[in-house]
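# Understanding the architecture of this molecule
Okay, here's what each chain looks like letter by letter:
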Amino acid sequence: MKKIYFSTLLSAILVAALVMTACSKSGSGDSGADSAAKRKVIIDTDAGSDDAAALMLAATSEKLDILGVTVLYGNVPLDAAAKNALMVLEVCGSDAPAYIGADKPLTKYREEMISVHGEDGMGDQDLIHPKGSAEDKAAVDFMLETIKANPGEVEIIALGPLTNIAQAIQKDAETMKLVKHIWVMGTAGFGPGNASPVAEFNVYSDAESYDIVLKAELPMTIVGLDCMLEETRLSQADMDAMAKGTDCGKFMNKAFTKLFAFYQSLGQNMGVPDALAVAAVIWPEYVLETKKCYGVACIGDDAAYGQIILYQEGAVYEAMPEIGNYNLDVVTGIDTKLYKKNFMKIMTGK
Ligand code: BDR
Ligand code: CA
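If you're wondering where the values come from, they're calculated on a predicted model, not measured in any experiment.

Bringing the overall build of the chain into the picture now. Helix and strand counts for the chain come out as 13 helices and 9 strands. In the chain, the proportion of contacts linking residues at least 24 apart, taken out of those at least 6 apart, comes to 83%.

Here is the structure:
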């Protein structure tokens, strides 16, 4: 009798704990996956506010086992990026460890870049008080050791400049060849840039790193800025719904304060580019079309800096460079409705 009472009590506590989980996994839009089948991922992030939302999609997905989060400079300086990543993991109830990576690009820091995420990267709402701290191991070492220990199994989701990944290639290119796949939010895709008319922020931050990563010809999917279609963006009504939603939604409603104001000043709804890349990993049916491409990074110190030229397989140009493998899958079609529905479910619980 006592045993039954104890196990009933235990179940009740467990159920209550699950219900109270910061941002429930049942709200992830996943059909579910048992733990043995979970995909092993490393998330590489510069931890601005859209990275935070992207991290939440990943952390609430039952399909992913986040082996670690590697942070680097980008939207904010490295220290702030590390704190932001830790804070976001806490809000999600994730125990994934965080590792400190690059504090600057490989060659040249781009002073002219503005931060659209606020000084602290999370909307300057005094949200950032993480209890945890980053691991002692350096991000590049963690990346290499993890990939070596799980050959052909680890996927990297890159949400910032590619400096950490380029440094890992520089340190041990053979081990990096064992990576299963790299998913990248970066490049302008086939549309205009946001750092310059031709360059997207993550590439413009460190185009030399993109050059190294592209030349390594690792299996890679690119979600470019042109995927940030109107139907994926967040309106005032979406922000209001998030404010009354899950812990993730409430946190993101505040963290998006500066980014939302930035887009409003342009007369636009808010784009959340990094979440569009995580969506491609966790909701495969959201990717409707990809094009096989070969990418070349523009690294000359001129107006084209940070542009990625995408040569499509099958296309013939009168001035073709020497093309290696068409190893990039560039996403050119997405299910915006599915994305928005799943995103808002995580943020509002509905
Ligand atoms: C990218 O730049 C950053 O502001 C975002 O976090 C995203 O990774 C979009 O160009
Ligand atoms: Ca980012």
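Picking up where we left off.
The next point concerns the packing of helix H2 (residues 49–59) against helix H10 (residues 247–255). At a minimum axis distance of 10 Å, the contact between H2 and H10 shows a crossing angle of 170°. When the interaxial angle is binned, H2 and H10 end up roughly antiparallel. As H2 packs across H10, the resulting crossing turns out to be left-handed. Between H2, through Ser49, Ala52, Ala53 and Met56, and H10, the contact on the second element is made entirely by Cys248, Met252 and Ala255. Taken together, the residues that form the contact of H2 with H10 break down as 6 nonpolar, 1 polar and no charged.

Met56, Ala58, Ile157 and Ala277 are the most contacted members of the largest nonpolar core, which totals 115 residues. If one sorts the elements of this core by residue count, helix H3 (residues 78–92) sits on top with 10 residues. Setting aside chain neighbours within four positions, we find Ala277 in contact with Ala54, Ile157, Leu159, Trp183, Val184, Met185 and Val223.

Near ligand 1, the surroundings consist of 14 residues, among which Gly48, Asp50, Phe201, Pro273 and Asp274 are the closest. Of all the elements in the fold, those that place two or more residues in the shell around ligand 1 are H2, helix H7 (201–205) and helix H12 (273–282).

Strand order across the open sheet formed by 9 strands is E3-E2-E1-E4-E5-E6-E9-E7-E8, with mixed pairing between neighbours. In the strand order of this sheet, the two ends are held by strand E3 (98–100) and strand E8 (308–312), each with one partner. For this sheet, the mean angle separating the axes of adjacent strands, direction not counted, is 30°. With 5 bridges joining them, strand E1 (residues 39–45) and strand E4 (residues 154–158) adopt parallel strand pairing.

Quick notes on the rules
- Going along each chain's sequence as written, the residues are numbered from 1 onward.
- Key to labels: chains lettered from A, ligands numbered from 1, both in the order written.
- Since the coordinates come from a predicted model, pLDDT governs what is reported: local features require at least 70, and pairs of side-chain atoms require 80 or more to be given and counted, while whole-chain, interface and lining totals use all residues.
- A run of H or I in DSSP becomes a helix once it reaches four residues, and a run of E becomes a strand once it reaches two; helices and strands are each numbered from the N terminus.
- Contact definition: two residues whose C-beta atoms, as placed from backbone geometry, lie within 7 Å.
- Simply put, an axis is a line fit to the C-alpha atoms, just over the touching stretch for a helix, and the angle between two N-to-C directions goes from 0 to 180 degrees.
- Here is the rule for angles: anything less than 35 degrees is roughly parallel, anything more than 145 is roughly antiparallel, 65 through 115 is roughly perpendicular, and the remaining ranges are oblique.
- For a crossing to be left-handed, the near helix must be turned anticlockwise from the far one by less than a right angle; the clockwise case is right-handed.
- Only Asp, Glu, Lys and Arg are considered charged in this grouping, and only Ala, Val, Leu, Ile, Met, Phe, Trp, Tyr, Cys and Pro are considered nonpolar; every other residue, Gly among them, is considered polar.
- Residues of type Ala, Val, Leu, Ile, Met, Phe, Trp, Tyr and Cys that are buried and joined through C-beta atoms within 7 Å form what is called a nonpolar core.
- Every C-beta atom is placed from the backbone, and the number of other C-beta atoms within 10 Å of a residue's own sets its class: buried at 20 or more, exposed at 12 or fewer, partly exposed in between.
- Nearness is defined per residue: the C-beta atom, placed using the backbone, must lie within 6 Å of the molecule or strand.
- What makes two strands pair is DSSP finding at least two bridges between them.

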